[in-house]
Amino acid sequence: MSVDHEQRPLISNRFLVIATICVLVLAAASVAISWFGRSYGEQLSLAGHSQSTDIVNITVGRDQLALPANVIRFEEQRQGGLAERVDLYLLWPEMTGYSSEQRRRFDDLSLSNSLIFLQISQSTMSRDMSGRVEPIYRHLLEPESALGPAGLSAFQFKDATGYEGETLLTGTLPDGSTYSIRCLLPASQSKASGSDCQRDIHVGEDLTVLYRFSSDMLKDWAAIDAAVRSYVGSRAHAAPAAATLKNQLKASTGRSS
């Protein structure tokens, strides 16, 4: 055996370099997988919700809304700019958006009787639901009323009116104005859904707010109406003229396409 062969190292420098590179690559991959897994896991746990309370400025028609991201129901709507509508969900009675602490109340269908769902869009009718009672609904209702939930008067819609199965509930708000809401009243409260009652009101410059909640919550009908009106009204103001014009052009283009 030659002297050179005897003095040759058992592990070559090249092998050490390759082994070191492999270890570094595996370490980097491990860190990346750990970070991605944690980030992806957080996204999965949110399931489309957002915990962010950053304000999103959205222009709907002639109104600009300043809304926390965690009250906006759909992820694609959590961006500023022009929009035809925006959908919200709020806890009742807190009137707050999604948080990890309150996750069950947003995700568990059996607890949906503590949520209010709002859909905000530009007004297309001159009258809100209360204003439509006498000129429109009165002709579609049976003449007799009955005592409804929470002291409201209950009217049944006639057949072939398009509202079969629904009940119109009416009452008087603290300011003396008429309150009306349409509900699909369940046979028993245990069968109430999270949005079997709906009402629309006008807020701001030119907004219609359609809000829905469980018939289980009708005992709070006056307080809910005041809270929804206050929540949206305090976060809406007249949009800049340029934004209003762009929104009108966008809506016009959408209708013609």
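This text follows the structure it describes.
Not measured: the values here are computed from a predicted model.

1. So, the sheet that holds strand E6 (residues 141-147)
So, step 1. Within the open sheet, the 8 strands sit side by side as E4-E5-E11-E10-E9-E8-E7-E6. Their pairing is antiparallel. Since the sheet does not close on itself, it has two edges, and those belong to strand E4 (85-91) and E6, each with one partner. On average, each strand axis in the sheet is tilted by 25° relative to the strand beside it, whichever way the strands run.
So, step 2. Relative to strand E11 (residues 207-213), strand E5 (residues 115-122) runs antiparallel, the two being bridged by 6 bridges.

2. Side note on the environment of Phe-213
So, step 1. Inspection of the secondary structure puts Phe-213 in strand E11.
So, step 2. The sequence separation of Phe-213 and Leu-115 amounts to 98 residues, and the corresponding C-alpha distance is 6.5 Å.

3. What about the state of the cysteines?
So, step 1. Scanning all chains against the criterion turns up 1 disulfide.
So, step 2. Disulfide pairing places Cys-183 opposite Cys-197 at an S-S distance of 2.1 Å. Here the disulfide of Cys-183 and Cys-197 is right-handed, its torsion about the S-S bond being about 115°. In this pair, Cys-183 is assigned in strand E9 (residues 178-183) and Cys-197 in strand E10 (residues 197-203), connecting sequence segments 14 residues apart.

4. A word on the side chain of Asp-200
So, step 1. Tracing the backbone through its elements, the reader meets Asp-200 in strand E10.
So, step 2. Here Asp-200 falls in the buried class, since its relative accessible area comes to 7%.
So, step 3. A distance of 3.0 Å separates the side chain of Asp-200 from the backbone nitrogen of Met-129, its partner in a polar contact.
So, step 4. Residues within four places of Asp-200 in sequence aside, it is in contact with Asp-128, Met-129, Arg-132, Thr-208, Val-209 and Leu-210.

Basis of the calculations
- Throughout, a residue's number is its position along its own chain's written sequence, starting from 1.
- Given that this is a predicted model, residues contribute local features only at a pLDDT of at least 70 and side-chain atom pairs are listed and counted only at 80 or more, while totals for whole chains, interfaces and linings are drawn from all residues.
- Water and hydrogen atoms were dropped before computing side-chain values, which therefore reflect all heavy atoms in the structure.
- Two strands make a pair as long as DSSP finds a minimum of two bridges between them.
- Secondary structure follows DSSP: runs of H or I at least 4 residues long count as helices, runs of E at least 2 residues long count as strands, and numbering of each begins at the N terminus.
- Geometry is summarised by axes, namely lines fitted to C-alpha atoms with helices restricted to the contacting stretch, and by angles between N-to-C directions that run from 0 to 180 degrees.
- Cysteine sulfur atoms that come within 2.5 Å of each other are treated as a disulfide pair.
- Think of it in three bands: residues with accessible area under 20% of the maximum for their type are buried, residues over 50% are exposed, and the middle band is partly exposed, with areas taken using a 1.4 Å probe on protein chains only.
- Pairs of N or O atoms are called polar contacts if they sit within 3.5 Å, as long as, within protein, a hydrogen donor faces a hydrogen acceptor (for residues adjacent in sequence, only side-chain-to-side-chain pairs).
- Whether two residues touch is decided by their heavy atoms; if any such pair falls within 4.5 Å, the residues are in contact.

Honestly, it's all geometry; don't read function into it.
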